[in-house]
Amino acid sequence: MQLYGKMTATAKNRALEFLKFVNASPTPYHVVKNLAEYYKSHGFQYLSEKQDFGSLLEAGKSYYVVRNQSSIVAFSVGGKWKPGNGFSIVATHTDSPTLRLKPKSRKSANGYMQVGVEQYGGGIWHSWFDRDLSLAGRVMVEEKDGRIVQHNVHIDRPLLRIPTLAIHLDRTANASFSFNLETEFTPLIGLENELSKEETFENGEKAHHPALLSLISREIGTEVSPESIVDFELILGDYEKARLGGIHEEFVFSPRLDNQGMTFSASRSLISSLSDKSLENDDCIRVVASFDHEEIGSVSAQGAESNLLLSVLERLSGSTENFYRCMRTSFLVSADMAHAVHPNYASKYESINSPELNKGTVLKVNANQRYMTNSHGITILKRAAQLSKAPVQVFVARNDSPCGSTIGPKLAAMTGIPTLDLGNPMLSMHSCREMCGTKDFEYSVQLLSAFFQNFSDMEKKIIVDE
Ligand SMILES: [Zn+2]
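Residues numbered from 1 in each chain as written. Predicted model: local features only at pLDDT ≥ 70, side-chain atom pairs only at ≥ 80, totals over all residues. Heavy atoms only, no water.

Named according to an unreviewed UniProt entry, the protein is aspartyl aminopeptidase originating from Schizosaccharomyces cryophilus. Recorded in UniProt for the protein, the comment headed Catalytic activity (unreviewed entry) runs: "Release of an N-terminal aspartate or glutamate from a peptide, with a preference for aspartate." In its Cofactor (unreviewed entry) section, the UniProt record describing the protein reads: "Zn(2+)". (UniProt positions renumbered as here; feature names shortened; annotations may be inferred.)

In structure tokens, the structure reads:
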């Protein structure tokens, strides 16, 4: 059914499903919780890394592993899989550039209550000024029985703001808006009163505004007192909800598209790939791995450069010999958002390899291997595109321009698995509020679903190393 010009109801519904996902996922902790619930609702079984995998796995069944509550690996075991067979993998990241509360955040100046923040990742920081900001993250709470348990918290209200300086006091603001990240980029959370100046808790704790700790504890539940909060990691986010935009609803205006956009598409494509009988005949394991910490270089216990994916693959393989053999019959798609051509800055883009919104997933190419895409991968993804009828485009950065990178090169180097970089096109990447095309979500789900459904067959026919 054609609803909006060439936009199908399926495409629009997929974008609406994304809006729900991103609006409920202000932090990587929420991304992982929402993905875990989604996988679970489709019959996936939770597997603790503390368990012995070997005795638990069954062909035809699906599982997921979580690390630090901020990275997640989900997989579906093919009906014909046996240890030593390959993996078809899509890898994404759960984090986005943001501002994070400092370990001691309590600040005040000129009658204002402020919170100290650190920048996380390479954000376009000026885009965070004059926005209504909310707060979310994870909180470690001491329960009555002495256990210390993680709670996710999402204070979904306009709580904070970083105001600009009035134009009357800075006539140069339109020509060059620059600011000091330590002194001029501190959010306001309220006005001081007599109480907030004096207030401390019984233990003399002064690290955070007591009113903020009370708000966090109330948000978690009636049982939780501010004193029972042991520690937290809280990040700021745009309070405004993601929504469809543009004259024909052809745009999605949203925070965190990079990379919740491809994290969402990858999870939906894995489930979509299970809708026919192809898993029964699949001799591979289909994997979607979503990692924290890409925006700060992926080096952490749960980032893409950790042993998370490697250890899961190795444990599924059963033996070192099997592991090295199956790396050679596997393939990895690194799925991260891509740059669409910007009409106001078209000269910043290469003239004939510049993707457009709503024209399909972008295969990213870079001769210097900032992206992993090569002929081997293009052959596989072009075939998946043909089978699914999902359009694909290509991106190459200008030779006189810098180029981004992804977790693709890191994962390829660590595992030796042939890898390709792709992602949906978008504008304003790393802004507090980004935008992309409404139709590209469904295109990428179709493309990646076809990759999962047909990889084991393609792998046997596409000969690179004998
Ligand atoms: Zn990204």
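That was the structure; now back to the text.
## Here we look at unusual backbone geometry
That bond from Asp 258 to Asn 259 is cis: its omega, 10 degrees, falls within 30 degrees of zero. In this structure, Asn 259 sits in helix H5 (residues 257-273). Here the phi dihedral of Glu 249 falls at roughly 55 degrees; this positive angle occurs in a residue that is not glycine. Checked against the element boundaries, Glu 249 lands in the loop between strand S13 (243-245) and strand S14 (251-254). Even without being glycine, Ser 428 reaches a positive phi, approximately 60 degrees. Mapped onto the elements of the fold, Ser 428 is located in the loop between strand S21 (425-427) and strand S22 (434-437). (Helix = DSSP H or I, 4+ residues; strand = E, 2+ residues; numbered from the N terminus.)

## Here we look at the coordination of the zinc ion
Ideal donor angles around a metal are set by the shape: a four-donor tetrahedron calls for 109.5 degrees, a six-donor octahedron for 90 or 180 degrees. Every protein donor of the zinc ion is listed here as His 93 (NE2), Asp 258 (OD), Asp 336 (OD) and Asp 336 (OD), and their distances to the metal cover 1.9 to 2.6 Å. One way to put it: the 4 donor atoms around the zinc ion meet at angles of 53 to 142 degrees, and that makes the site irregular. Coordination of the zinc ion draws on donor residues from a single chain, spaced H-x164-D-x77-D in sequence. Here His 93, found in strand S6 (residues 87-93), pairs with Asp 258, found in helix H5; they are 165 residues apart in sequence, far enough to count as distant. One exposure class covers both His 93 and Asp 258, and it is buried. (Donors = N, O, S within 2.8 Å, 3.2 Å for Na, K, Ca; no water. Tetrahedral: all angles 85-135°; square planar, octahedral: opposite > 155°, others 65-115°. Buried < 20%, exposed > 50% of the residue type's maximum accessible area, 1.4 Å probe, protein only.)

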